[in-house]
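# Summary of structural features
Okay, here's what each chain looks like letter by letter:
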Amino acid sequence: MSGKMTKWLAGSLMAMGAFVAGCSDTNSSDPFASTVNDGVYLKNDAKDMWARIDERGSIASYFDSLSKEEGAPVIGTSTRSNIRCEAPALKMDDNTRYLDELESLFDEGEQVEGVCGKALKLSDGQVAPLGVNLIDSMSVGTVEFWFRPNADFFDKNARTLLGNDGARIHFFYKKGELFFQKNHHNQHYFVQGKAVLKENDWNLIAGQWGNGYMSLWLNGELVGYWEHDKGYVPAQRDIPFENLVVIGYKSRCCMEGPGQYEAMTTSGSFDQFRISNINRYTLPDSVTAKVNPVDEKDTIFKIDTVATDTVKKGDITCKTSALVMDEKTLYFDELDAEYEEGTLVDGVCGKAISLKDGESIQTGINLIDEMPAGTVEFWFRPGKDFDEKSARTLLGNDGSRVHFFVKDGKLIFQKNHADIHYYVQAPVQFKNDWNLIAGQWGDGFLSIWVNGEMIASKVHVEGYEPAQRGIEGENLIVVGRKSSCCMEGPGQYSRLTTSGDFDQLRISSVTRYEVKVEDAPVDSDKPEFVIDTTVVDSL
């Protein structure tokens, strides 16, 4: 999961690209290389992947097993094409989180002419995993894709189309009805409606949520809707590939809501899979009479900088100082999901997560890519029992590759490397309100900021380097919990908890704040803590 994404892709995007060519299923003796037959690009035409998945019980366990055999593909950049197609083809814009043109193949299927360039055609039983491991929370979103059924598509009672095996997001077709699911922990949400798929042409299928509704669309027409106030939340059980989006197979898991209890396969062609951070389709006024409609171009990520304290965006209120997503944003998490721990409270923009002493959450951000320059920002409001003099963690990685904490009245920002602990620190006293905390590197300094003011800096030329021991989740960003590991530099040797509210975590590929050398407060402590390099890297 190390490919670089285009500048529009954000929110753990680098961890969610497409499977790159050059990797194959080690259980197959067929070559990976494509062949040409009468102008049609073919791939291994085996149809037994679904059977092997079925034996394993789930897509997640199958690909986890395959990865341990070094047969699973590496997740890299999204499949893209230089082809530019006219409407109604989907396109990438500022609100696109993922765009896969489906111009490449994994192990089964063939490429045919599509809506834009090539498309992926799957026969009954063939499976194609996408490179989208949808691990980020999304308060508003739209999922779209093109589908053209094969002749035998309607022969079976129920057919899967596209989605996650745990039905966190999933589309399927059954007895003349189209279904869109968006499951949460022990809660099954779905919309359905009568739908006539064009049999010899392309159909644009879409599901969306946010701004008070969950809805399903076919070729631009509303199929079904439901009042719904929850965003997308990924599965958070630390199971590899658990949030992977797959075409062609769905286990019998997690479909009790819409009454589907058997596994499904597909049969048809797919093209242009797109996920957006806005609602792309406008519900009729008769539906939204009870909710203020929101223009699809006016989202919580783009807030007007007017001279008022707050801005109303549909049913979400944001402070004018709220962070926004832009082309320099690599990761953006609103921290407004329903986590297993913590309580949702009013935040800087919409809801925020409030954590008591001992509570913690995992974000969906697995910071696995090198970053020559970067800025990590988040909002924090101290809890009643929070004291800067006591040692408290705020946010970061458990190995302290990136980590913020307070101790002895100081705010500390660490950026550890193998065997070397870099950090800056300075005295701090937080407001009993929201505080914007930031740490950055890449401009010749390592610096830390509170509410737009630099409180410490030191000369530093190293970029961010992730831990590379192959341990699942070792670069994961966590809020509220820190083990005793990897804090020898600033002199912290015991585990940490937190107390307070957190909102809007943003990680950027640039420095967001300008360090003015003549005014820079300098951290006078020693610049680094070096471990004996003869010892195995403990980070």
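For clarity, every value in this text was computed on a predicted model and none was experimentally measured.

### Things to note about the overall build of the protein
When its secondary structure is counted, the protein shows two helices and 37 strands. In the protein, buried positions account for 59% of the 539 residues. Excluding contacts between residues fewer than 6 apart, the proportion of contacts in the protein whose partners are at least 24 apart in sequence is 70%.

### Section: the side chain of Arg-159
Examined against the element boundaries, Arg-159 turns out to sit in strand β8 (residues 158-164). A distance of 3.0 Å separates a polar atom in the side chain of Arg-159 from the backbone oxygen of Phe-153. Among the polar contacts listed, one links the side chain of Arg-159 to the side chain of Thr-265, at a separation of 3.2 Å. Excluding its chain neighbours within four sequence positions, the residues that come into contact with Arg-159 are Asp-124, Asp-152, Phe-153, Phe-172, Tyr-173, Met-264, Thr-265, Thr-266 and Ser-267.

### Some words on the confidence of the model for the protein
Predicted confidence across the protein gives a mean pLDDT of 79, with 75% of residues reaching 70 or more. Across residues 1-47, where pLDDT falls below 50, the model places 165 contacts with residues more than four positions away in sequence or in other chains. Confidence drops under a pLDDT of 50 for residues 290-308, and excluding neighbours within four residues, the segment shows 41 contacts in the predicted structure.

### Some remarks on the pattern of salt bridges
Considering all chains together, one arrives at twelve salt bridges under this definition. Of the charged contacts, one joins Asp-385 and Arg-392 as a salt bridge, the two residues approaching to 3.8 Å between their closest N and O atoms. When salt bridges that share partners are traced, they join Asp-124, Lys-156 and Arg-159 into one network.

### Points about the packing of aromatic side chains
Enumeration according to the criterion identifies 21 aromatic pairs in this entry. Measuring from centroid to centroid gives 5.8 Å for Phe-154 and Tyr-173, while their planes differ by 80°, and the two rings are edge-to-face. Of this pair, Phe-154 sits in the loop between β7 (141-149) and β8 while Tyr-173 sits in strand β9 (residues 170-174), placing them 19 residues apart in sequence. Under the relative-accessibility criterion, Phe-154 is labelled partly exposed at 32%. Their ring planes at 25° and their centres at 5.2 Å tell us that Trp-217 and Tyr-281 sit as a pair that is stacked.

What counts, and where the lines are drawn
Residues numbered from 1 in each chain as written. Predicted model: local features only at pLDDT ≥ 70, side-chain atom pairs only at ≥ 80, totals over all residues. Heavy atoms only, no water. Helix = DSSP H or I, 4+ residues; strand = E, 2+ residues; numbered from the N terminus. Buried < 20%, exposed > 50% of the residue type's maximum accessible area, 1.4 Å probe, protein only. Contact = heavy atoms within 4.5 Å. Polar contact = N/O pair within 3.5 Å; in protein donor to acceptor, adjacent residues only side chain to side chain. pLDDT = per-residue confidence, 0-100. Salt bridge = Lys/Arg side-chain N within 4 Å of Asp/Glu carboxyl O. Phe/Tyr/Trp six-rings, centres within 6.5 Å; stacked < 30°, edge-to-face > 60°.

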